Structures are given as C-alpha cells and as structure tokens.
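Residue strings, one per chain:
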Amino acid sequence: MNIKSDTKALDTSQVVIEKITLPSGDIREKVYNKGKFLGKGGFARVYELLCEETGEVFAGKFVPKNLLSKGRARHKLMSEIKIHRTLHNKNIVQFHHYFENDEFVYILLELCPNQSLSDMLRRRKRLLEIEAQCYLAQVLLGLKYLHSHRIIHRDIKLGNIFLSDKMEVKIGDLGLAAKLEYEGERKRTICGTPNYIAPEILEGKQGHSYECDIWSFGVLMYTLLIGRPPFETKDVKTTYRRIKMNLYMFPDNIDISKEAKALITSILVLDFTKRPTIDQIFQNSFFTKNLYPRLMPLSTLVVPPSAN
Ligand code: ADP
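Quick notes on the rules
- Residues numbered from 1 in each chain as written.
- Predicted model: local features only at pLDDT ≥ 70, side-chain atom pairs only at ≥ 80, totals over all residues.
- Heavy atoms only, no water.
- Helix = DSSP H or I, 4+ residues; strand = E, 2+ residues; numbered from the N terminus.
- Expected span 1.5 Å × (residues − 1).
- Buried < 20%, exposed > 50% of the residue type's maximum accessible area, 1.4 Å probe, protein only.
- Near = heavy atom within 4 Å.
- Polar contact = N/O pair within 3.5 Å; in protein donor to acceptor, adjacent residues only side chain to side chain.
- Areas by Shrake-Rupley, 256 points an atom, 1.4 Å probe, with all protein chains shown as cover.
- 1 Å grid on protein atoms, 1.4 Å probe; cavity = no way out; pocket = protein on both sides within 12 Å on 5 of 7 lines; lining within 4 Å.
- Sits in = over half its atoms within 2 Å of the grid points.
- Nonpolar A, V, L, I, M, F, W, Y, C, P; charged D, E, K, R; others polar.
- Core = buried A, V, L, I, M, F, W, Y, C linked by side-chain atoms within 4.5 Å.
- Contact = heavy atoms within 4.5 Å.
- Pairing = 2+ DSSP bridges.
- Axes fitted to C-alpha atoms, helices over the stretch in contact; angles between N-to-C directions.
- Salt bridge = Lys/Arg side-chain N within 4 Å of Asp/Glu carboxyl O.
- Phe/Tyr/Trp six-rings, centres within 6.5 Å; stacked < 30°, edge-to-face > 60°.

Draft legend 1. Structural detail: helix α6 (residues 211–226). Helix length check: α6, at 16 residues, gives a terminal C-alpha distance of 23 Å against a target of 22 Å (1.5 Å per residue), a fit within 8%. Taking burial as the measure, the 16 residues of α6 include 16 buried ones, the bulk of the element.

Have a look at this one:
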C-alpha cells in the first residue's frame, strides 16, 4: 500500500474548507480549490474558487479578519453582505453565500470572467457609441432594480461594472451601498470614488439619495465615450473643486454624437432634482435613435466591433 497517497495532506494554501454544521450536530466539510487570482480591492483579494462537490466556479472574495478588528470595518462588511444577499437580478453580480474561519471571511459571488469595463477601456481607450448604448442600457436596468428595492449603490464606476462569460453587464461591489429606511430619506455619509462622486455628496448639506447614482452614471457614460473621466485632474482636491463647479468639457478632437452630448449634459447638473430619472434616460434619443445589440461579441474586449 502506498502510505504517502493515503496520508496525502491537503495543501491548505490551495484549498478553502467550509465547515457546515448539520442538524445532527455533525460537521460536513465542503472543499473549494483556489484558482486564478482575479483582483484586489480595498480589503479583499479575489480568487476563482472551484467547488469540488458540485463543479461550480465562483469568484471568492477573501477578506482577512485582522483587517476587520475595528468594529466599523466589520459592520461595513456585514452591511454589504446583508444588502447583497437579498439581490436577484441579471444585471447585478449574484451573491451565493458566505462563511468564515479563523483567518478570513469568504464571500462567494457569481464569477465574471471577462473582468470589468475598466479593464476593457484600458485596452480599448474608448468605446464606439453602439457599444456604450449596449453596456449603459444594462447598467440602467441594474440600477433600476437597485433603486426599486430602495438601494443606492454609491460607487458606480468602470471598475465596478463586470462582464459575465456571455458579456452581460453585472454591477458589483456593494461595499458602499445603502438601503433607505423609507422613501424620501436622505443619506449623509461621505462616500464614493473621487472622479465619480456627486456634488451633493461633497457639499453634504442636503444629504444624498438615488440621484447620486444617476450622476455617476453620467460620469460613466462620458468616460466610456471620451476615454477619461470628465473631472479628472492630478489631485483629488482640484477634482472635487471642479465637480462642485460642474467644470468639464467635451474635447474637440473626439467625435461624439449630439444626442450623447445632450444626454451627458442633462445628467451632469448640480441641482440633483433636475437630473433625469432612469426611465427618462431610457427614453432619451441617445438610446432610441438606432437599434443596438443586446450583447457585444467577445472580440470587442480587445478590438472594436467590425462594421459589417
Ligand atoms: P473591494 O470591495 O475590496 O473593493 P472588489 O469587489 O472591488 O473588492 O473586488 C476587487 C477586484 O476583484 C475587482 O477589481 C476585480 O478585479 C475582482 N473581482 C471582484 N468581483 C469579481 C467577480 N464577481 N468576478 C470576477 N472578478 C471579480
């Protein structure tokens, strides 16, 4: 008998074991094999995780518990999980489940193998209008679902818009999301990503609500079509000053349609009560002037769609 193979120890750096307590009190172990490194966020490192039992592959978010020692960080992660686990929509990254051991909290999410729009734009520089229509329409559907469940995402940006194996848009990272207790409530916490943050969040006087996601959507649209965010500067303070003054331009050397310009201009307004609603954006001529594909082909991750 080959004793070695009998006593084969699991390489613990390559597997994650979930211990499940059964109603009988017995413990069942579920083994996940750690695959490719997918990326890193504020707290987490994200890897592919293959469930040995079912063959399913997930994106596994590994959050080290030592970074959660401060009560607030743990509270924030639990709030992200509490919100994300309730969501079921084809344009939102699906939450599967979470578990923990002594070292990490593991969050198992729908795997988006085609990375984010940020990765795509790095390769492509900017997108054609027909591609922007396709992606932005799906972002709107995801946002409409969130808002109809009284959730503000608060961190809509290229890096949080993921692409599934079929190139469907999946809004992810609900780390800054907030659920309103009642319709009309206004949030006060300052949060977001500098280039995408809405002016009312920076001003902080009137609080903020769903309209801050509409602003970030406008920034996203500009960025996809122009190739860089509208208020970007070398330092955050200047960016914030520009946002508060709504100071941005459409560069002369980049050709975008008058409909695209008009829609961006109507969204990026300081008075949040004047911004269009999701339904109004859908009805805007930017989306109605021509037909566009429901999904883009995989090749467009690297090269523009061909004209034929
Ligand atoms: P954090 O909440 O800590 O900022 P993110 O949710 O932004 O972490 O994830 C960090 C990185 O991991 C992302 O930028 C992306 O590269 C990768 N990632 C996150 N979720 C997925 C997913 N569902 N599928 C594929 N890659 C993902």
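Draft legend 2. Fine view of the site of the ligand. Surrounding the ligand, one finds 16 residues, the nearest of these being Gly 42, Lys 61, Glu 110, Cys 112 and Asp 173. The separation between an oxygen atom of the ligand and a polar side-chain atom of Asp 173 is 3.2 Å. Expressed as a share of its isolated accessible area of 550 Å², the protein-covered part of the ligand is 84%. Judged by the fraction of its atoms near the pocket grid, the ligand is located in the largest pocket. Those elements that place two or more of their residues in the shell around the ligand are β2 (27–40) and β4 (57–64). Looking at which element gives the most residues to the shell around the ligand, the answer is β2, with 3 residues. Taken together, the residues that form the shell around the ligand break down as 9 nonpolar, 3 polar and 4 charged.

Draft legend 3. Just the nonpolar core, in detail. Membership of the largest hydrophobic core comes to 63 residues, with the highest contact counts inside it found for Tyr 135, Leu 136, Phe 217, Phe 286 and Phe 287. At 11 residues, α6 tops the list of elements feeding residues into this core. Here Tyr 135 is in contact with Leu 117, Met 120, Leu 127, Leu 163, Met 167, Val 169, Met 296 and Thr 300, once residues within four sequence places are set aside. Of all hydrophobic cores here, the second largest spans 15 residues; its members include Ala 44, Val 63, Ile 81 and Val 105.

Draft legend 4. Layout of the pairing of strand β1 (residues 15–21). In terms of strand pairing, β1 meets β2 through 7 bridges, oriented antiparallel. Paired with Val 15 across the two strands is Asn 33, which belongs to β2. Hairpin remark: β1 followed by β2, antiparallel, with 5 residues in the connecting loop; positive phi at Gly 25, about 95 degrees.

Draft legend 5. Inspection of the sheet that holds strand β3 (residues 45–51) at higher detail. In space, the 6 strands of this open sheet follow the order β1-β2-β3-β4-β6-β5, with antiparallel pairing throughout. The open sheet terminates on both sides in strands that have one partner only, identified here as β1 and β5 (95–100). With direction set aside, neighbouring strand axes in the sheet form an average angle of 35 degrees. Pairing between β3 and β4: 6 bridges, direction antiparallel. Its bridge partner being in β4, Val 46 is matched across the sheet by Lys 61.

Draft legend 6. Molecular detail of the pattern of salt bridges. According to the stated counting rule, one finds 18 salt bridges in the structure shown. Between Glu 211 and Arg 186 there is a salt bridge, and its shortest N-O distance comes to 3.5 Å. With a gap of 25 residues between them, Glu 211 in helix α6 and Arg 186 in the loop between β10 (178–179) and α5 (199–203) connect regions that are remote in the sequence. Note that Arg 275 is salt-bridged to Glu 200, the shortest N-O span being 2.8 Å. On the criterion of sequence distance, the pair formed by Arg 275 in the loop between α8 (258–267) and α9 (278–283) and Glu 200 in helix α5 is long-range, its members being 75 residues apart. Residue Arg 275 shares its accessibility class with Glu 200, and that shared class is buried.

Draft legend 7. Inspection of the pairing of β5 at higher detail. One ladder, built from 5 bridges, connects β5 with strand β6 (residues 104–110); its direction is antiparallel. Residue Phe 95 lies in a different strand from β6, and its bridge partner there is Leu 109. Count of turn residues in the β5/β6 antiparallel hairpin: 3 residues.

Draft legend 8. Molecular detail of the packing of aromatic side chains. Overall, the coordinates contain 15 aromatic pairs when judged by the stated rule. An angle of 75 degrees between the planes, with centres 5.7 Å apart, marks the rings of Tyr 248 and Phe 250 as edge-to-face. You can call Tyr 248 buried: its relative accessible area is 18%. Assessed through its relative accessible area of 18%, Phe 250 is described here as buried.

Nothing here speaks to function; it is all geometry.
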